[in-house]
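Understanding the architecture of this molecule
Read off the chains here:
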Amino acid sequence: MEQQPLVFLAIVLALSSYAHGLKIFDISSYGVGADKDITAALDKAWKEAIASPEPAKITIGPGEWILKQAHLEGPSKSPLELEVKGTIKALSDPTQLPNKEWEWVTVNYVNYFTLSGGGVFDGMGEQAWKTNDCHVNTKCAKLPINLSFNFINNSIIQDITTKDSKNFHSNCISSNNVTFLRYKVSAPHDSPNTDGLHIARNIGITILDAVIQTGDDCISMGDQMTDVMIKNVKCGPGHGISIGSMGKNIEEKDVSRITIQNCTFDNTANGVRIKTWPSAPATLTISDLNFLDLTMINASNPVIIDQQYCPWNLCSLDKPSSIQISKVKIQNVKGTSSTQDVVIFSCSTSKPCQDVQIGDIDLKFTGDPALGGATTKCQNVKYTFTGGAQNPPLCQRSSAPKPFPM
């Protein structure tokens, strides 16, 4: 993973080399009315900016703005920046979205793209959350993601806040060399399905110095991920940082070289987690994972490998997961846990977890003292103890796993 900061630096240098000679497209010059609706203005500014042979910057100034929806596609002829200094608000009623199949703000097919400015994308999600039954209804109405990035390369999303999304706050799909720097997420702990950032089918994703407070996973990873660095992230409230869930789609591809380092989990439902479905067709591998220097503050389930992931009993436990997990390093994880089982290895009976290295663990249980101290659970795992503290002792008992939070 050593190459990841160098990739980030290369992107910064490449983009900064275009700082001179920028062509500015100020949204206020595109006839924004008294209602502050910038939908048409942003569409027009974007089309002009991507056609510019010179590096271009679209600016949205301070204040509050209304945006019904934006579908921003490239390719652009030159590097392009969208600078947002104000607060952009969505329509609160999801049925009023102009195109129900699109996300709220989508950016597709651009290279050397920057989203910056310190502004806020407010998804106004509270009304949608009240009727969201997608966790139990497979035919539920689609809700829009705040920020959707697809097929973007050598790009940076920095100093941006996404607030109260109706669905995931952001996703980044089928992209290469993208950095999220000082990215912030703000949503209540009970906001449903509001993952802070979902990434899948990417190479070279860096997430640095982020603060994510939400009602679902702070960061979730899908399949076909390679070279991911998540560092200095503060997560909580939320459901932790997850790889998966995996297994439902037979076409899912391998995940490798993932590092989660120097992150803090504050009153989260989970810490770091790998989750795969049982009785599912996929046979991919998940390997070369590093969970390093992590701090838990009253977090539930600080470290979990869960290969019997089956929320709301939406699957069968008849067959074990066919996904192989291997080469996992867990080092220097410290703090407190609200659940007694602080390290859980619930691995597949058909594909036991291989080459798990663990050391320097110091996790204390903050619950009822009558239950005793912190414990661990181990099933079907081949591990090596690498030294340092080990509190509690690892794999001293095995028992049937309890269902874990989503």
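Chains are numbered independently. Their residues run from 1 in the order of the written sequence. In keeping with the model being predicted, local features are shown solely for residues with a pLDDT of at least 70 and side-chain atom pairs are shown and tallied solely at 80 or more, while totals for entire chains, interfaces and linings include all residues. With hydrogens and water excluded, all non-hydrogen atoms of the structure serve as input to the side-chain values.

1. Points about the state of the cysteines
By definition, disulfides here are pairs of cysteine sulfur atoms that lie within 2.5 Å. For the coordinates displayed, the defined rule picks out 3 disulfides. A sulfur-sulfur separation of 2.1 Å characterises the disulfide bridge that pairs Cys218 with Cys235. Residues Cys218 and Cys235 are joined through a disulfide that is right-handed, its torsion about the S-S bond being 85 degrees. With a gap of 17 residues between them, Cys218 in the loop between β17 (211-213) and β18 (219-221) and Cys235 in strand β20 (residues 234-235) connect regions that are remote in the sequence. Buried, partly exposed and exposed residues are distinguished by accessible area as a fraction of the type maximum, computed with a 1.4 Å probe on protein chains only: under 20%, between the cut-offs, and over 50%, respectively. The class for Cys218 is buried, based on a relative accessible area of 0%. As a non-bridged cysteine, Cys172 has Cys218 as the owner of its nearest cysteine sulfur, 18 Å distant. For Cys172, a relative accessible area of 0% corresponds to the buried category. Cys263 takes part in no disulfide bond, and the closest cysteine sulfur to it belongs to Cys235, at a distance of 8.4 Å. Of the residues examined, Cys263 reaches a relative accessible area of 1% and is grouped as buried. Every helix listed is a DSSP run of H or I at least four residues long, and every strand listed is a run of E at least two residues long, numbered separately from the N terminus.

2. Considerations on the pairing of strand β1 (residues 23-26)
The side chains of a regular strand alternate, first on one face of the sheet and then on the other. In this analysis, strands are considered paired if DSSP registers two or more bridges between them. Direction of pairing for β1 relative to strand β2 (residues 56-60): parallel, over a ladder of 4 bridges. Residue Phe25 lies in a different strand from β2, and its bridge partner there is Ile58. Whether a crossover is right-handed comes down to one check: with the strands pointing away from the viewer, does the path from the first strand over the helix to the second run clockwise; if it does, it is right-handed. On the question of chirality, the crossover connecting β1 to the parallel β2 by way of helix α2 (residues 39-50) is right-handed.

3. Looking at the confidence of the model for the protein
Scored between 0 and 100, pLDDT is the confidence that the predictor attaches to each residue. Chain-level statistics for the protein give a pLDDT mean of 93 and a share of 93% at 70 or above. Confidence over residues 398-404 falls short of pLDDT 50; this stretch has 14 contacts with residues more than four positions distant or in other chains. By definition, residues are in contact when any of their heavy atoms lie within 4.5 Å.

4. Some remarks on the environment of Thr268
As for its placement among the helices and strands, Thr268 is situated in the loop between β23 (264-266) and β24 (272-276). For Thr268, a relative accessible area of 2% corresponds to the buried category. Considered as a pair, Thr268 and Phe151 are 117 residues apart in the sequence and their alpha carbons are 31 Å apart. The residues contacting Thr268, other than those within four sequence positions of it, are Cys235, Gly236, Gly238, Gly240, Ala299 and Ser300. Each polar contact in these results corresponds to two N or O atoms within 3.5 Å; when the atoms are within protein, one needs to be able to donate a hydrogen and the other to accept it, and residues that are neighboring in sequence are counted only if both atoms are side-chain atoms. Separated by 2.7 Å, the side chain of Thr268 and the backbone oxygen of Asn270 make a polar contact.

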